[in-house]
Amino acid sequence: MPELPEVEGVVQALKPEVEGRTIKQVQLSEIIRFSYDEGKQCIVKQAEPDAFEMALSQMTITKIERRAKYIFFHLMKEDVSYVLVSHLGMTGAWFIVNTPDEINEEKFKKHIHATFQMADGGYLIYSDIRRFGELRFLTKIEDHAPLTKMAPEPFDETACDYFIAKSMLPKYEKKAVKEVIMDGQVISGCGNIYATEALFAQKIHPARKMNRISEKRKRALFEAIVDVLRQSIDAGGSTISDYRNINGEAGSMQNRLQMYGKKLCPVCGTGTSQMTIGGRTSVYCPNCQH
Ligand SMILES: [Zn+2]
């Protein structure tokens, strides 16, 4: 699943390619139409497929930014601004190509769900193999409440204090630390991979209750999360399954991971353990992490 560093990689690659360009027209896949009509899980949110296509035609992409694991495409048409919010789900990927045939991996080519034909030629394409991603068309961010409740960006100066304050609320203080740090209302963009890595770096057991961790240790943990996110951004993200950047390239952070997906602890050699916390599989070293 793409996490913050992977989404950052996508945004950095998209920015110079599409900012300032205008969309001529958009075409959604038959599967999107079918799933929308049947009331099933559908990539396109908050607009009917026809209305979505119509609304986006002739829009200019003024700016692209990442917020947590979302991509915001800021748009403008006839002096009115809009935003297209993209979440990559498990396997979403954006491509910029001269023709859709240029996507060289068959599995991505087969699962193209939104084709944006650009006014000056070429295509911006959204492909999603498992279709858990989202494309949400809004007049403003506030129109989708969950987007307004996100914690600050982890790199913001205020983010650590925000985490400390949230972690002491009754709602969170008795929960397992791993569940809390993965909650987007507490810390933005810390998914399973990076939560696992940061807890291992700080030798904290993932099931440890939040109120059993000192403030000093919480601050060190927060720094460890920021560190691992930055390292991963520098490495082009982690390619665990089907993440690709817009050039179809995979990241290399998976080669630097210490605990996520490991059978043996790289520090002490003990076999790792697994438990489910907050519905997610958590890997940890029973010897090093307490
Ligand atoms: Zn160990």
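Given the structure is predicted, the values throughout are model-derived calculations rather than measurements. Chains are numbered independently. Their residues run from 1 in the order of the written sequence. Local features are withheld for residues below a pLDDT of 70 in this predicted model, meaning they are given only at 70 or higher, and side-chain atom pairs are given and counted only at 80 or more; totals for whole chains, interfaces and linings count all residues. Excluded from the side-chain calculations are hydrogens and water; all other atoms, namely the structure's heavy atoms, are used.

(A) Spatial organisation of the coordination of the zinc ion. In this analysis a donor is any N, O or S atom within 2.8 Å of a metal ion (3.2 Å for sodium, potassium and calcium), and since water is not included, sites may seem incomplete. Distances from the zinc ion to its protein donors, Cys-265 (SG), Cys-268 (SG), Cys-285 (SG) and Cys-288 (SG), fall within 2.2 to 2.3 Å. All geometry calls rest on donor angles, where a four-donor set with angles between 85 and 135 degrees is tetrahedral, four- and six-donor sets with opposite donors more than 155 degrees apart and all others between 65 and 115 are square planar and octahedral, and all else is irregular. Around the zinc ion sit four donor atoms, and with donor-metal-donor angles ranging over 103 to 114 degrees the site reads as tetrahedral. Counting along the primary sequence, the residues that act as donors to the zinc ion give the motif C-x2-C-x16-C-x2-C. The exposure class of Cys-285 is buried, given its relative accessible area of 0%. Here the term buried applies to any residue with accessible area under 20% of the maximum for its type, exposed to any over 50%, and partly exposed to those in between, with areas from a 1.4 Å probe on protein chains only. On the basis of relative accessibility, which here comes to 12%, the residue Cys-288 falls in the buried class.

(B) Structural view of the packing of helix H2 (residues 30–37) against helix H3 (residues 49–56). Close contact between H2 and H3 brings their axes to 10 Å; oriented N to C, the two are set at 130 degrees. The orientation of H2 relative to H3 falls into the category oblique. Between H2 and H3, the contacting residues are Ile-32, Arg-33 and Tyr-36 on the first element and Pro-49, Asp-50 and Glu-53 on the second. Of the residues that constitute the contact of H2 with H3, the class distribution is three nonpolar, no polar and three charged. Axis angles are defined between N-to-C directions and span 0 to 180 degrees, where every axis is a line fitted to C-alpha atoms and, for a helix, only to the segment in contact. Secondary structure elements are taken from DSSP: a helix is a run of H or I of four residues or more, a strand is a run of E of two residues or more, and numbering for both begins at the N terminus. Each angle is binned into one of four classes, with values under 35 degrees roughly parallel, values over 145 roughly antiparallel, values of 65 to 115 roughly perpendicular, and all other values oblique. Note on contacts: a residue pair qualifies if any of its non-hydrogen atoms lie within 4.5 Å across the two residues. Three classes are used: nonpolar for Ala, Val, Leu, Ile, Met, Phe, Trp, Tyr, Cys and Pro, charged for Asp, Glu, Lys and Arg, and polar for all others, with Gly counted as polar.

(C) Broad picture of unusual backbone geometry. At Gln-58, a position not held by glycine, the phi torsion is positive, near 70 degrees. Tracing the sequence through the fold places Gln-58 in the loop between H3 and strand S3 (60–67). Take Gln-58: its relative accessible area is 46%, and that puts it in the partly exposed class. One non-glycine residue, Ala-68, lies in positive phi territory at about 50 degrees. Here Ala-68 is to be found in the loop between S3 and strand S4 (70–77).

(D) Broad picture of the UniProt feature "domain: FPG-type" (unreviewed entry) in the protein chain. Under the feature "domain: FPG-type" (unreviewed entry), the UniProt entry names residues 258–290. Secondary structure within residues 258–290 divides into 0% helix and 30% strand; the distance between the first and last C-alpha atoms comes to 17 Å. UniProt positions are given in the numbering used here, feature names are shortened, and annotations may be inferred rather than shown by experiment.

(E) Looking closely at the environment of Glu-179. With respect to the helices and strands, the residue Glu-179 is situated in helix H7 (residues 177–181). Look at Glu-179 and you get partly exposed, because its relative accessible area is 31%. C-alpha separation for the pair Glu-179 and Asn-192, spaced 13 residues apart in sequence, amounts to 9.3 Å. Not counting chain neighbours up to four residues away, the residues in contact with Glu-179 comprise Ile-277 and Gly-278.

(F) Broad picture of the pairing of strand S9 (residues 134–138). Burial analysis of S9 places four of its five residues in the buried class, the great majority of the element. Two elements, strand S2 (residues 44–45) and S9, share two bridges in a ladder whose sense is parallel. If you follow Val-44 over to S9, its bridge partner there is Leu-135. We call two strands paired when DSSP finds no fewer than two bridges between them. Both strand S5 (residues 80–87) and S9 contribute to a ladder of five bridges, which runs antiparallel. Bridge pairing in S9 links Val-85 to Arg-136.

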